[in-house]
Amino acid sequence: MASERYNPKTVESKWRQVWDEKKLFETKNDDPGEKYYVLEMFAYPSGRIHMGHVRNYAMGDVVARYKRAKGFNVLHPMGWDAFGMPAENAAMKNKVHPKEWTYQNIATMREQLKSMGLSIDWSREFATCDVEYYHRQQMLFVDFMAKGLVGRRVSKVNWDPEDQTVLANEQVIDGRGWRSGALVEQRELAQWIFKITNYNQDLLDSLDDLKDWPEKVRLMQKNWIGKSVGLELSFNLTQSLGNISTIETFTTRPDTLAGASFIGIAPEHPIAKQLAQTNQELSDFCVDVRRMGTTAEELETAEKRGFDTGLKVQHPLYPDQTLSVWVANFILMDYGTGAVFGCPAHDQRDYDFAIKYELPIIATFEALDEGTKSEENTAFLPPKSEKVRWINQPTGLDIATGEEAITKTIAWAEENNIGKAKEQFRLRDWGISRQRYWGCPIPVIHCEDCGEVPVPKSDMPVILPEDVDFDKPGNPLDRHPTWRHVDCPACGKKATRETDTMDTFVDSSWYFARFTAPREDNPTDPKVANDWLAVDQYIGGIEHAILHLLYSRFFSRAMCETGHLNVKEPFKGLFTQGMVVHETYKNSEGWITPAEIKIEEEDGKRVATLLEDGSPIIIGNIEKMSKSKKNVVDPDDIIESYGADTARFFMLSDSPPERDVIWTESGVEGTHRFVQRVWRLLSEAHQNMKNITAKPGAKGKALDISIAAHKTVKSIGEDLENLSFNKAVARLYELLNTLANPLTQIGQGKADVELTQATIDAVEKFILMFAPMMPHLAEECWVLLDKKDMVATTKWPDFEESLVTENELTMPVQINGKKKADITVSADASKDDIISATLSLDVVKKFLDGQEPKKIIVVPKRIVNVVI
RNA sequence: GCGGGCAUGGCGGAAUCGGUAGACGCAAGGGACUUAAAAUCCCUCGGCCUUAGGCUGUCCGGGUUCGAGUCCCGGUGCCCGCACCA
């Protein structure tokens, strides 16, 4: 019987329509079922979806559909991270309004995502640039402000004088603006900040509880928060400078104090600033060293530069000695106190500096015997150092180990009132001001009399004006004729609006909470949000391992403090998926897209030629799909030619989900063959399957099929719980290989009744198991089996323990650890039974050659090892 | 510099607790069907050898163990994160 090829195009759109009409994936907040919240990081509406999206959302959809089949009330929403610079760049380049550009992109990408057949509750969709959303974000802002979580800080920014805008560090290339090419200036600008550092200890400690996060991400966050404990130590100036008489330093190595040879202060340090007022040379120096770039390479190669201020401080251990105070380019004002004591014998930077400016190098470990010197502490011991001192002598302390040296020195400093123990964090407060148009307006009004006044909630939302132009550089909100001019809400006097907008990371820091009640007047309905949160499974790229996740963790805490939420950690489970990568192709003209070439095998080598004229193409490295390398594959094309199920299934096959997956044409074809094979086998068999009446029990081959199906249910269940999609896919291939022959027989009308009934059960399980990955195909196959309900509403198959546990098993027999034979024994065979079965084997007899074995190791159900 | 990870056939990868290494897929080779092609089906597929069977094999060198891809020590190579952070 000839069967038609499966046509995904017509089948897939049909089922999507059915799901849609039945509103199968709309989730109710009052559903009594146990909740499960699965979320993929929402998308930036850049224009079109790419394969990375397909992978991300395919994974999330498998989880959503699987959990739904397991009986959970699943929340699986989608939205758009829609504010941000690209919209403004497009506006400048193409004369299109950012709003129009953004919403058009959203419309395109929504349709693309829908063509994937994702089980998303689209009724909860929103974009962060919707007034309804940023209105609530402004409410959160003023609530945070009222709780003291918002601050204002003057900080240094990269200022592009031509574009009249602030640039991020990454946008400064060789000291020039990436767009304008103008020399970037350092400007001090008042910025709005969120006080994330209020929570630094809690953000650090709670990482230990995030057991379902990748260890790697927790570590990255831990390092980012960067707690270090040390000593804040004060040095007395020999002559006070105005009202400054001491210099505060921070060190994690107070035990090296005896080796201190100079004081280094940052160019922005108050002392440096004060001296610079009367010292032109110093002033020039400070400006000059800060012109330096901030990229890794520049820092790597940057030489240490210093300026001797002429000031001296007293050495706390040796009161008759003084240390000179230098302004040094490698000291950072915003870490610690902006001042250090340099100990060249034990620090590479201090050493480089001391060599250059001929400062003393004094080692400090004389008192420790060789055994207790730790490696890292002795890096620059003699002969490089000039003198050797040890902190025990001047302090009278009795210190034997490096560990003790730190704690005892801190205690000594505290007793003598020259310093105190200090916890230092690397984490800084979060500057959220952006001098841009396409973002959430900061709801504050500047009044000459009242200062910074939050916009009352009754006056919200502060709506972005739409009548703006992008002809000139800078922030259009600043140039708008009327928008910024308002009356002060407190005193009624004429005042001006804040024209900065919020960092787009703010928008993405609480969207997961908004999804729980997206049309609520308040930012959240706390009862509903607390029921849904935390997100049980969050899935997204590793690139958000630090900032987005940290900011979201801050926001949850801040929302708890302001009564919007009662869940501190927003993401219970986190999964970071790998990228989609592809071969690159090029010739002398440049990069070539995969669609333009042909690859053939010649003498075992793959040779690429240009389709157009057969000219040779170089096959380059496998790299992340990117427009610049032209190695992108458009999801639309794939879905058009193979269908969404094939695209989804391929994205989940082969590579473990946390690793990169290589997109190959042959791989996709292989996946598509599987789709067609499933359809062909089932459609050939379906007429005869319907005629078979159920008969209980199974033996022989039918039993084998049952066992295979039940085992697969067990293992795929485990695989999906662990998000090991690639393993689940392999199990599905295996099961189909087992089912293929019986199905062919049924198709030919050859099978006996008993065999086919077991097969039908197995086939049903098979369909239900691939359904989360290939939902359209599953529904269509379900119809073939004459099912009246839908796969999408059918529960996940069960397995019978008795069928999964073998009652007879084959154990390998090793002799001296090398496998020599197999024995088949019943599962409850005793050790003695197994041993006698083993000893009766011919191979074993041959090896023993009449001798007694030294030992026989029997691991029940696993292995037998005969030691001779 | 600091911190972390990885290394298995031609390729992607399995091996969940230290117990049969290479599941499953891709690529390749051979065969069947066909006038032919596509599609499909069957077989082979780590290496070496006298092909029943044997030896060898998970980056390299040691070690622990009856038994190591898996654990420990020491290397090599690649990848990632952070970084004048005191």
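Now for a description of the structure that goes with this document. Because the structure is a prediction, the values reported are computed rather than measured.

A closer look at the sheet that holds strand β17 (residues 430–431)
At step 1: Spatially, β4-β3-β7-β17 is the arrangement adopted by the four strands of the open sheet, whose pairing is antiparallel. Every other strand in the sheet has two partners, leaving β4 (165–167) and β17 as the edge strands with one partner each.
At step 2: In this sheet, β17 lies alongside strand β7 (residues 185–194) in antiparallel orientation, the contact comprising two bridges. By the bridge assignment, Phe194 is partnered in β17 with Trp430.
At step 3: Sitting on the sheet, helix α5 (residues 131–146) touches β3 (150–160) and β7, and the angle it makes with β7 is about 85°.

Description of the packing of aromatic side chains
At step 1: Taken as a whole, this structure holds 45 aromatic pairs when the rule is applied.
At step 2: Note on Tyr437 and Trp438: the rings are 6.0 Å apart at their centroids and 25° apart in plane angle, and the pair reads as stacked.
At step 3: Its relative accessible area of 4% is what places Trp438 among the buried residues.
At step 4: Geometry around Trp192 places Arg152 over its ring, the cationic atom sitting 4.5 Å from the centre.
At step 5: When the ring centre of Trp224 is taken as origin, the NZ or CZ atom of Arg426, which lies over that ring, is 4.4 Å away.

Quick notes on helix α3 (residues 85–94)
At step 1: Looking at α3, one finds that the buried residues are Ala87, Glu88, Asn89, Ala90 and Ala91.
At step 2: Buried residues along α3 sit against α4 (98–114).
At step 3: At the exit of α3 stands Lys95, carrying a positive phi of roughly 55°.

What about the protein's contact with RNA strand B?
At step 1: Taken together, the neighbourhood of RNA strand B is formed by 54 residues, with Thr252, Lys304, Phe330, Glu734 and Asn865 sitting nearest.
At step 2: Sugar and phosphate atoms constitute 60% of the interface atoms of RNA strand B, taking the interface as everything within 4 Å of the protein.
At step 3: One nitrogen or oxygen atom from the side chain of Arg677 is found 3.4 Å from a phosphate oxygen belonging to RNA strand B.
At step 4: If you tally residues by element for the surface near RNA strand B, the top one is helix α23 (residues 725–747), at seven residues.
At step 5: Partitioning the surface near RNA strand B into residue classes produces 20 nonpolar, 13 polar and 21 charged.

Cut-offs and rules
Think of each chain on its own: its residues are numbered from 1, step by step along the sequence as written. Both sets of labels track the order of writing: A upward for chains, 1 upward for ligands. Only residues with pLDDT of 70 or above have their local features reported here, since the model is predicted, and side-chain atom pairs are shown and tallied only from 80 upward, although totals for entire chains, interfaces and linings are computed over all residues. Computation of side-chain values covers all heavy atoms of the structure but excludes hydrogens and water. At least two bridges found by DSSP between two strands is the condition for calling them paired. We count a stretch as a helix when DSSP gives it H or I for four or more residues in a row; a strand needs E for two or more, and each element gets its number in order from the N terminus. Whether two residues are in contact is decided by their heavy atoms: any pair within 4.5 Å suffices. Here the axes come from fitting lines to C-alpha atoms, over the contacting stretch only for helices, and the angles between their N-to-C directions go from 0 to 180 degrees. Aromatic pairs are defined between Phe, Tyr and Trp rings, using the six-membered ring for Trp, whenever the two ring centres lie within 6.5 Å; interplanar angles under 30 degrees are classed as stacked, those over 60 as edge-to-face, and all others as tilted. Throughout this description, buried means an accessible area under 20% of the type-specific maximum (1.4 Å probe, protein chains only), exposed means over 50%, and partly exposed covers the range between. The rule for a charge over a ring is simple: NZ of Lys or CZ of Arg within 6 Å of the ring centre, and within 35 degrees of the ring normal. The nearness test applies per residue and asks whether one of its heavy atoms lies within 4 Å of the molecule or strand. Polar contacts here mean pairs of N or O atoms no more than 3.5 Å apart (in protein, one a potential hydrogen donor and the other a potential acceptor; neighbouring residues in sequence count only if both atoms are side-chain atoms). Three classes are used: nonpolar for Ala, Val, Leu, Ile, Met, Phe, Trp, Tyr, Cys and Pro, charged for Asp, Glu, Lys and Arg, and polar for all others, with Gly counted as polar.

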